Amino acid sequence: MEEFFKELMADALGKNPEELSEILGEPDKICDIFVQRIYMDDSMKHFEWGVSVIRFHGDELIESETYAVFHSWKLARKYANRLKEFFSEQGYETHLKGEVGE
């Protein structure tokens, strides 16, 4: 096993990041969906729930935007799950992040 690891590392040193991504099977299209608090005042006592999307195609940032703001955490989470389904259907490796609970 140790010999295999040494060969793998030696081979990796001769490759550029794009070649390594292909070898390691990294996805070309990635979408991260965040549910997070958006504070509405400087005292940080009043907040709402934002659902934001960050999409990459390779190393290029395609989109970084807050899609919606909700008063209810449950609605924000439900919307985020629907976005996850949508972007997964579009061929993105999609992840829910932030305050999504279980």
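Residues numbered from 1 in each chain as written. Predicted model: local features only at pLDDT ≥ 70, side-chain atom pairs only at ≥ 80, totals over all residues. Heavy atoms only, no water.

This paragraph deals with the overall build of the protein chain. When you go through the protein chain residue by residue, the secondary structure sums to 3 helices and 4 strands. Walking the protein chain from its N terminus toward its C terminus, one meets helices and strands in the order α-α-β-β-β-α-β. Counting only carbon and sulfur atoms, one obtains 53% of the accessible surface of the protein chain, whose full area is about 7,500 Å². (Helix = DSSP H or I, 4+ residues; strand = E, 2+ residues; numbered from the N terminus. Areas by Shrake-Rupley, 256 points an atom, 1.4 Å probe, with all protein chains shown as cover.)

This part is about the packing of aromatic side chains. In the structure shown here, the tally under the stated rule is 5 aromatic pairs. Aromatic side chains Phe87 and Tyr92 sit 5.7 Å apart centroid to centroid with 85 degrees between the ring planes, which places their arrangement in the edge-to-face category. An aromatic cluster is defined as three or more aromatic residues linked by ring pairs; in this entry it consists of Tyr39, Phe47 and Trp49. A cation sits over an aromatic face here: Lys29 above Tyr92, 4.6 Å from the ring centre. Between Arg37 and the ring centre of Phe47, over which it is positioned, the NZ or CZ distance is 4.9 Å. (Phe/Tyr/Trp six-rings, centres within 6.5 Å; stacked < 30°, edge-to-face > 60°. Lys NZ or Arg CZ within 6 Å of the ring centre and 35° of its normal.)

Positive phi, close to 60 degrees, is recorded for Met44, a residue that is not glycine. Inspection of the secondary structure assignment puts Met44 in the loop between β1 (29–39) and β2 (47–57).

This next bit is on the pattern of salt bridges. Using the criterion set out here, one finds 4 salt bridges in the structure. Note that Arg55 and Glu63 form a salt bridge whose closest N and O atoms lie 2.7 Å from each other. Judged by relative accessible area, which is 14%, Glu63 ranks as buried. For Glu85, the salt bridge is made with Arg82, and the minimal N-O distance between the two is 3.4 Å. Residue Glu85 and its partner Arg82 are located together in helix α3 (residues 73–89), separated by 3 residues, close to a single helical turn. (Salt bridge = Lys/Arg side-chain N within 4 Å of Asp/Glu carboxyl O. Buried < 20%, exposed > 50% of the residue type's maximum accessible area, 1.4 Å probe, protein only.)

Attention now goes to the nonpolar core. In this structure, Ile33, Val35, Val51 and Phe87 are the most contacted members of the largest nonpolar core, which totals 14 residues. Taken together, the elements giving at least two residues each to this core come down to β1, β2, β3 (60–70) and α3. No other element matches α3, which puts 4 residues into this core. (Core = buried A, V, L, I, M, F, W, Y, C linked by side-chain atoms within 4.5 Å.)

What follows concerns the side chain of Ser52. Inspection of the secondary structure assignment puts Ser52 in strand β2. Within the structure, Ser52 has its side chain in polar contact with the side chain of Gln36 (distance 3.1 Å). In this structure, Ser52 is in contact with Asp32, Ile33, Phe34, Gln36, Glu65, Thr66 and Tyr67, ignoring residues within four places of it in sequence. (Polar contact = N/O pair within 3.5 Å; in protein donor to acceptor, adjacent residues only side chain to side chain. Contact = heavy atoms within 4.5 Å.)

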